[in-house]
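# A look at the structure
Below are the chains, spelled out letter by letter.
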Amino acid sequence: MHAGIRPGLPLEAQSAEDLIRIRQPFLSSEAVHGVVVVHGHTARAEPEIRHNRINLDTAAWSGGPLTCAVLEEDRLGFLQA
């Protein structure tokens, strides 16, 4: 998704607004969401990997690299351009 999810709500109950715009409480949440959420919307210098989320926003919109994740079985890698 673009921004993240509201912790504590099932995926099917998430609002479109949260999926597009949420930052807190999602970014600081340690909750297990049932899936690892891959998101952007909050720029970092490098991909951010947490046990419950992966942030791929590396500020391509302002000159940073464009980052994508490569997910294969239990492996995680990144490609940047």
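Relevant structure appears above.
From a predicted model like this one, the values you see are computed outputs, not experimental measurements.

Inspection of the secondary structure puts His 33 in the loop between helix H1 (16-21) and strand E1 (37-39). By relative accessible area, His 33 is classed as buried at 15%. Separated by 3.4 Å, the side chains of His 33 and Asn 52 make a polar contact. Not counting the four nearest positions on each side in its chain, His 33 is found in contact with Ile 5, Pro 7, Phe 26 and Asn 52.

A surface patch of nonpolar side chains, amounting to about 240 Å² of accessible area, comprises Met 1, Leu 11 and Val 35. When you line up the elements, Met 1 lands in the segment before H1.

Where strand E4 (residues 67-72) and strand E5 (residues 75-80) come together, six bridges link them in antiparallel fashion. What sits directly across from Leu 71, in E5, is Leu 76. Linking E4 back to E5 in an antiparallel pair, the connection comprises two residues, with Glu 73 at a positive phi of about 50°.

Calculation criteria
- Residues numbered from 1 in each chain as written.
- Predicted model: local features only at pLDDT ≥ 70, side-chain atom pairs only at ≥ 80, totals over all residues.
- Heavy atoms only, no water.
- Helix = DSSP H or I, 4+ residues; strand = E, 2+ residues; numbered from the N terminus.
- Buried < 20%, exposed > 50% of the residue type's maximum accessible area, 1.4 Å probe, protein only.
- Polar contact = N/O pair within 3.5 Å; in protein donor to acceptor, adjacent residues only side chain to side chain.
- Contact = heavy atoms within 4.5 Å.
- Patch = residues over 30% accessible without salt bridge, like charges linked within 9 Å, V, L, I, M, F, W, Y side chains within 5 Å.
- Areas by Shrake-Rupley, 256 points an atom, 1.4 Å probe, with all protein chains shown as cover.
- Salt bridge = Lys/Arg side-chain N within 4 Å of Asp/Glu carboxyl O.
- Pairing = 2+ DSSP bridges.

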